[in-house]
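Letter by letter, the chains look like this.
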Amino acid sequence: MRIAVVIGASSGIGARTAEILGKRYGCRGNFADEEAALGKNVKKGEPYSEGSVDELWLVARRKDRLFETAAKIENEARKRNAADCESNFKCKTVCGDITDDAFCSRLALDIKESGAEIAWLINSAGCGFYGEFTDSTVDNNCVCAELNCVGAVRITGALLPFMSRNGRIVQLASAAAFFPQPGFAVYAASKAFVLSFSRALGRELALSARKNGLKKNRISVTAVCPGPCDTEFLTLANDANASRGMPSYKKHFIADCGYVAENIVKSAAKRKSLCLPTFTMKLLYAARKLLPDGLVLRLYR
């Protein structure tokens, strides 16, 4: 049995990515026209199974929102013609916190006992708070660093042994990773960690596959660096500290969550090491290579 595991699937980018995975890869008989955008060399109407899964495992802390996401995906699956699927696709909900080592171990054990292999591992769990470092509480800053950094390491380390040979790992970093950001210091630093971790892990896995003669059958890692998106993350990040919210210039670059999720799935399907969902973020990434941090920091007021 092949599964997709989506962490942070209760809302935002995680929920939308789960919905797209369920629609595109949620049964063995997905047709080639669904894969046309990915450049797959298959004929229209021909089944295409790479990346397809039998179950979608949704992981998050908020049980009610998680159930809503699962119900929506399963309802959409039922609406599709049953003849399109070779197996009964379903969602499994798992409530827990990926910063908890015991929870990650239990999740890994559940996967091991099910006999499943992971075709997709999407980690979109994260949090952040706008405001000066000294205006926020130590606990808030530590929660952000622990979830974004430690959580990513824990869940990846726990589930990596159960990845299929040609599996795909997606880590949600951020365009905030490109430069230090006063007023968003801990979040930007934590996402710089996720970006570096993802790129390095991807290279390690590629070299390991090559060493074992599995160059075309390897686990890929895609780091995703979106800008601000129209999700509840913006509301939560601003509400956490009323003294300073998101800078006004960022409001001009807010992207559609569904568009970003589509780009995530397409980039991971193509095994890209880096996903920059919008043209603006591509420009910002190019600027990162040209502008020293010291100059960028002097622009903040």
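The present account deals with the structure reproduced in this document. (Residues numbered from 1 in each chain as written. Predicted model: local features only at pLDDT ≥ 70, side-chain atom pairs only at ≥ 80, totals over all residues. Heavy atoms only, no water.)

### Quick notes on the packing of aromatic side chains
Counted only if it meets this: Working definition: rings of Phe, Tyr and Trp (its six-membered ring) pair if their centres are within 6.5 Å, and the pair is stacked with planes under 30 degrees apart, edge-to-face with planes over 60 apart, and tilted otherwise. Throughout, exposure labels follow a simple rule: accessible area from a 1.4 Å probe, protein chains only, divided by the maximum for the residue type, with under 20% read as buried, over 50% as exposed, and the rest as partly exposed. Two thresholds decide whether a charge sits over a ring: the Lys NZ or Arg CZ must be within 6 Å of the ring centre and within 35 degrees of the ring normal.
All chains considered together, the criterion is met by 5 aromatic pairs. Each ring, one from Phe-184 and one from Tyr-187, has its centre 4.5 Å from the other, and the planes form 20°; the classification is stacked. Neither residue differs from the other here; Phe-184 and Tyr-187 are each classed as buried. Aromatic rings pair up to connect Tyr-130, Phe-184 and Tyr-187 into one cluster. The ring of Trp-120 carries Arg-168 above its face, with NZ or CZ at 5.2 Å from the centroid.

### Comments concerning the nonpolar core
Spelled out, the test is: In plain words, nonpolar cores are sets of buried Ala, Val, Leu, Ile, Met, Phe, Trp, Tyr and Cys residues tied together by side-chain atoms within 4.5 Å. The numbering of helices and of strands both runs from the N terminus, where a helix is a DSSP run of H or I of at least 4 residues and a strand a run of E of at least 2. Contacts: residue pairs with any heavy atoms within 4.5 Å of one another.
Val-5, Leu-107, Ile-111, Ile-118 and Leu-159 are the most contacted members of the largest nonpolar core, which totals 35 residues. Counting residues per element, the ones that place at least two in this core are β1 (2-7), β2 (55-60), α4 (101-114), β4 (117-123), α5 (138-159), β5 (163-172) and α6 (185-211). Other than its neighbours up to four places away in sequence, Leu-107 contacts Trp-57, Val-59, Val-94, Ile-155 and Leu-159. The next biggest cluster of nonpolar side chains, apart from the first, holds 34 residues, and it includes Ala-77, Leu-172, Cys-229 and Ala-255.

### Examining the sheet that holds strand β3 (residues 90-95)
Filter applied, for reference: Pairing between two strands requires that DSSP report at least two bridges joining them. Helix axes are fitted to C-alpha atoms over the stretch in contact, other axes to C-alpha atoms as well, and angles between N-to-C directions run from 0 to 180 degrees.
Taken together, the 7 strands give an open sheet; going across it, the order is β3-β2-β1-β4-β5-β6-β7, and neighbouring strands pair in parallel fashion. The sheet is open, and its two edges are formed by β3 and β7 (274-275), each paired on a single side. The sheet contact formed by β2 and β3 spans 6 bridges and is parallel. Opposite Trp-57, over in β3, you have Lys-92 as the bridge partner. Along the sheet, α5 contacts β1, β4 and β5; its crossing angle with β4, the most-contacted strand, is approximately 175°. α6 rests against β5, β6 (220-224) and β7 of the sheet, and its axis sits at about 160° to β6.

### Some remarks on a nonpolar patch on the surface
The condition is simple: Like charges are joined within 9 Å and nonpolar side chains (Val, Leu, Ile, Met, Phe, Trp, Tyr) within 5 Å, but only among residues with over 30% relative accessible area and no salt bridge; these make up the patches. Where accessible areas are quoted, they stem from the Shrake-Rupley method and a 1.4 Å probe; at the residue level, only the protein chains shown are allowed to cover. The working definition used for a salt bridge is a side-chain nitrogen of Lys or Arg within 4 Å of a carboxyl oxygen of Asp or Glu.
A surface patch of nonpolar side chains, amounting to about 280 Å² of accessible area, comprises Leu-290, Leu-291 and Leu-295. Within the element layout of this structure, Leu-291 appears in the loop between α9 (279-290) and α10 (293-298). Judged by relative accessible area, Leu-291 falls into the partly exposed class, the value being 35%.

### Focus: the side chain of Arg-2
For clarity, the cut-off: Pairs of N or O atoms are called polar contacts if they sit within 3.5 Å, as long as, within protein, a hydrogen donor faces a hydrogen acceptor (for residues adjacent in sequence, only side-chain-to-side-chain pairs).
The topology assignment puts Arg-2 in strand β1. Of note is the side chain of Arg-2, whose polar atom sits 3.1 Å from the backbone oxygen of Ser-52.

### Structural notes on the pattern of salt bridges
Scanning all chains against the criterion turns up 7 salt bridges. For Arg-2, the salt bridge identified is with Glu-117, shortest N-O distance 3.5 Å. Of this pair, Arg-2 sits in strand β1 while Glu-117 sits in strand β4; the two residues are 115 residues apart in sequence, bridging distant segments of the chain. For Arg-2, a relative accessible area of 10% puts it in the buried group. According to the relative accessible area criterion, Glu-117 is partly exposed, its value standing at 33%. Here Glu-19 ties to Arg-16 by a salt bridge, and the two come within 2.5 Å at their closest N and O atoms. Note that Glu-19 and Arg-16 are positioned in helix α1 (residues 12-25) at a spacing of 3 residues, about one turn of the helix. Arg-16 gets classed as partly exposed once you look at its relative accessible area, which sits at 29%. The structure contains a network of salt bridges with shared partners spanning Arg-16, Glu-19 and Lys-72.

### Some points on the side chain of Glu-55
Looking at the element boundaries, Glu-55 is found in strand β2. A distance of 2.9 Å separates the side chain of Glu-55 from the side chain of Trp-57, its partner in a polar contact. With residues up to four places along the chain from it excluded, the contact list for Glu-55 reads Met-1, Arg-2, Ile-3, Ala-4, Phe-89 and Lys-90.

### A look at α1
So the rule is basically this: Expected span of a helix: the number of residues minus one, times 1.5 Å.
Across its 14 residues, α1 extends 20 Å between first and last C-alpha, which sits within 8% of the 20 Å expected from 1.5 Å per residue. α1 sits mainly inside the fold: 11 of its 14 residues count as buried. Of the residues making up α1, those classed as buried are Ile-13, Gly-14, Ala-15, Thr-17, Ala-18, Glu-19, Ile-20, Leu-21, Gly-22, Arg-24 and Tyr-25.

### Brief notes about the packing of α1 against helix α3 (residues 63-79)
What counts, and what does not: We call two directions roughly parallel when the angle between them is under 35 degrees, roughly antiparallel when it is over 145, roughly perpendicular when it lies between 65 and 115, and oblique otherwise. The handedness criterion is simple: a crossing whose near helix is rotated anticlockwise from the far helix by less than a right angle is left-handed, and one whose near helix is rotated clockwise is right-handed. Under this grouping Gly is polar, as are all residues other than the nonpolar Ala, Val, Leu, Ile, Met, Phe, Trp, Tyr, Cys and Pro and the charged Asp, Glu, Lys and Arg.
Running from N to C, α1 and α3 cross one another at 25°; their axes reach a closest spacing of 9 Å. Taken together, the axes of α1 and α3 lie roughly parallel to each other. Helix-helix and strand crossings are classified by hand; for α1 and α3 the assignment is right-handed. Taken together, the residues of α3 that come into contact with α1 (itself represented by Ala-15, Ala-18, Glu-19 and Gly-22) are Thr-69, Lys-72 and Ile-73. A class-by-class count of the residues in the contact of α1 with α3 yields 3 nonpolar, 2 polar and 2 charged.

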